[in-house]
Amino acid sequence: MSTKEIVREKVREKEAVGFNNEIIVYNDDVNTFDHVIDTLMRVCSHTAEQAEQCSLIVHYNGKCTVKTGPIDKLKPQCTQLLEAGLSAEIV
């Protein structure tokens, strides 16, 4: 019985480290659509169409998930978004 508990704990741990993290960009009154689009293309490797769609979602819904993945890959990208003046966080 204790073996099953250990296996379950390991599975949960791997799920927590998986691709459940997201970078969310929030709307603001400072950045232009062009700046947001250019930044998403540069930092998140979005296509022009993806970046434009995300910028519209941010504008109309107040926020948008722009990238998902492991935390160690998202941290540098989120930092670059923040340095570019966007409002972003990892959740």
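What counts and how
- Residues numbered from 1 in each chain as written.
- Predicted model: local features only at pLDDT ≥ 70, side-chain atom pairs only at ≥ 80, totals over all residues.
- Heavy atoms only, no water.
- Helix = DSSP H or I, 4+ residues; strand = E, 2+ residues; numbered from the N terminus.
- Buried < 20%, exposed > 50% of the residue type's maximum accessible area, 1.4 Å probe, protein only.
- Contact = heavy atoms within 4.5 Å.
- Axes fitted to C-alpha atoms, helices over the stretch in contact; angles between N-to-C directions.
- Parallel < 35°, antiparallel > 145°, perpendicular 65-115°, else oblique.
- Left-handed = near helix turned anticlockwise from the far one by under 90°.
- Pairing = 2+ DSSP bridges.
- Polar contact = N/O pair within 3.5 Å; in protein donor to acceptor, adjacent residues only side chain to side chain.
- Patch = residues over 30% accessible without salt bridge, like charges linked within 9 Å, V, L, I, M, F, W, Y side chains within 5 Å.
- Areas by Shrake-Rupley, 256 points an atom, 1.4 Å probe, with all protein chains shown as cover.
- Salt bridge = Lys/Arg side-chain N within 4 Å of Asp/Glu carboxyl O.

Engineer: Before we go on, may I ask you to explain the overall build of the protein in this structure?
Structural biologist: Of the regular secondary structure elements, the protein holds four helices and three strands. Listing each helix as α and each strand as β along the protein from the N terminus yields α-β-α-α-β-α-β. When the 91 residues of the protein are sorted by exposure, 30% land in the buried category. If you take every contact in the protein between residues at least 6 apart in sequence, the share linking residues at least 24 apart comes to 69%.

Engineer: For this particular structure, what's the right way to read the packing of helix H2 (residues 33-44) against helix H3 (residues 48-61)?
Structural biologist: To describe two helices that pack against each other, one gives the angle between their axes and the distance between the axes. The geometry of H2 relative to H3 is characterised by a closest axis approach of 8 Å and an angle of 130° between their N-to-C directions. Classified by the angle between their axes, H2 and H3 sit oblique to one another. Between H2 and H3 the crossing geometry is right-handed. Two secondary-structure elements touch here, H2 through Phe33, Val36, Ile37, Leu40 and Met41 and H3 through Ala48, Ala51, Glu52, Cys54, Ser55, Leu56 and His59.

Engineer: Would you mind going over the sheet that holds strand S1 (residues 21-26) with me for this structure?
Structural biologist: Taken together, the three strands give an open sheet; going across it, the order is S2-S1-S3, and neighbouring strands pair in antiparallel fashion. Each edge of the sheet is formed by a strand with only one pairing partner; in this case those strands are strand S2 (63-69) and strand S3 (87-90). Direction aside, the axes of adjacent strands within the sheet are offset by 20° on average. Judged from the six bridges that link them, S1 and S2 form a sheet pairing that is antiparallel. Residue Asn21 lies in a different strand from S2, and its bridge partner there is Gly69. Packed on one face of the sheet, H3 meets S1 and S2 and runs near 135° to S2.

Engineer: Can you walk me through the environment of Asn31 in this structure?
Structural biologist: Inspection of the secondary structure puts Asn31 in the loop between S1 and H2. For the pair Asn31 and Gly85, spaced 54 residues apart in sequence, the C-alpha separation works out to 7.5 Å. For Asn31, the contacting residues outside a window of four places in its chain are Val36, Ala84, Gly85 and Leu86. Only 2.7 Å separates the side chain of Asn31 from the side chain of Asp28, close enough to count as a polar contact. In terms of polar contacts, Asn31 uses its side chain to reach the backbone carbonyl oxygen of Gly85, at 2.9 Å.

Engineer: Can you help me understand the side chain of Gln77 in this one?
Structural biologist: Position of Gln77 among the secondary structure elements: in helix H4 (residues 71-83). Residue Gln77 is classed as buried on the basis of its relative accessible area of 16%. Non-local contacts of Gln77, meaning those with residues more than four positions away in its chain, are made with Ile23, Val43, Cys44 and Lys67.

Engineer: How should a nonpolar patch on the surface be read in this particular structure?
Structural biologist: A cluster of nonpolar side chains, Phe33, Leu56 and Tyr60, forms an exposed patch at the surface whose accessible area comes to about 330 Å². Within the secondary structure, Leu56 is located in helix H3. Residue Leu56 is classed as partly exposed on the basis of its relative accessible area, which comes to 36%.

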